[in-house]
Amino acid sequence: MVIGVHVYLKMNGNGQEAVEFYKDIFEAEVLGIRTFAELPENPAFTIPEEAKNRVLHAHLNIGNTELLLSDTFPGQTVEAGTNMDACVTLQNAEKAKEVFEKLQTDGEILMPLAPTDWSPAYGQVKDKFGITWQISTNS
């Protein structure tokens, strides 16, 4: 049985900043953050100094959903925002507008927040990390 579907974001070394950014916007509870430095020592796999503060795994609780996040290992990269969209449903249009405005800070509006056939307030915004967010509300 499927319990839920969670978004997992891959960052390019700015995972700590992303955790704080999303925590603030969504009033999220940070359930845990592990860095690469917290991995058990393994002589076959040493952690370079520049990787130690990167996020190995972060777990945020946002309402009744979860957001998971990690950084890439130095030398690996991901093209931010192109491999997924994060979809957020909010309580009402006022809260949707507030979240949408915060996400667009240093980002880009892809579709302005406006009424649609399926939502009183729907829009798409790419945040400063290159993540595309679909913002929606049921009322």
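Rules of the game
Residues numbered from 1 in each chain as written. Predicted model: local features only at pLDDT ≥ 70, side-chain atom pairs only at ≥ 80, totals over all residues. Heavy atoms only, no water. Pairing = 2+ DSSP bridges. Helix = DSSP H or I, 4+ residues; strand = E, 2+ residues; numbered from the N terminus. Axes fitted to C-alpha atoms, helices over the stretch in contact; angles between N-to-C directions. Parallel < 35°, antiparallel > 145°, perpendicular 65-115°, else oblique. Left-handed = near helix turned anticlockwise from the far one by under 90°. Contact = heavy atoms within 4.5 Å. Nonpolar A, V, L, I, M, F, W, Y, C, P; charged D, E, K, R; others polar.

As recorded in an unreviewed UniProt entry, the protein chain goes by the name VOC family protein, listed as coming from Ornithinibacillus sp. 4-3.

Caption draft 1: The sheet that holds strand β2 (residues 29-35), seen in detail. Ordered in space as β1-β4-β3-β2, the four strands form an open sheet in which the pairing is mixed. The sheet is open, and its two borders are formed by β1 (7-11) and β2, each paired with just one other strand. The average angle at which neighbouring strand axes cross in this sheet is 15°, direction not considered. Summarising the sheet, β2 and strand β3 (residues 55-62) pair through six bridges and their orientation is antiparallel. Residue pairing in the sheet places Ile 33 in a bridge with Ala 58 of β3.

Caption draft 2: Seen up close, the packing of helix α1 (residues 15-26) against helix α2 (residues 93-103). Where α1 meets α2, the closest approach of the two axes is 10 Å, and the angle between their N-to-C directions is 155°. In terms of axis orientation, α1 runs roughly antiparallel to α2. In the packing of α1 onto α2, the handedness of the crossing is right-handed. In contact with Phe 21, Tyr 22, Asp 24, Ile 25 and Phe 26 of α1, α2 contributes Val 99, Lys 102 and Leu 103. Across the contact of α1 with α2, the residue classes tally to six nonpolar, no polar and two charged.

Caption draft 3: Inspection of the sheet that holds strand β7 (residues 122-126) at higher detail. If you walk across this open sheet you meet the four strands as β5-β8-β7-β6, and the pairing is mixed. With partners counted over all chains shown, the strands left at the sheet margins are β5 (85-90) and β6 (108-114), one partner each. Ignoring which end each strand starts from, the neighbouring axes of this sheet average 20° apart. Note that β7 and strand β8 (residues 132-137) share four bridges and pair antiparallel.

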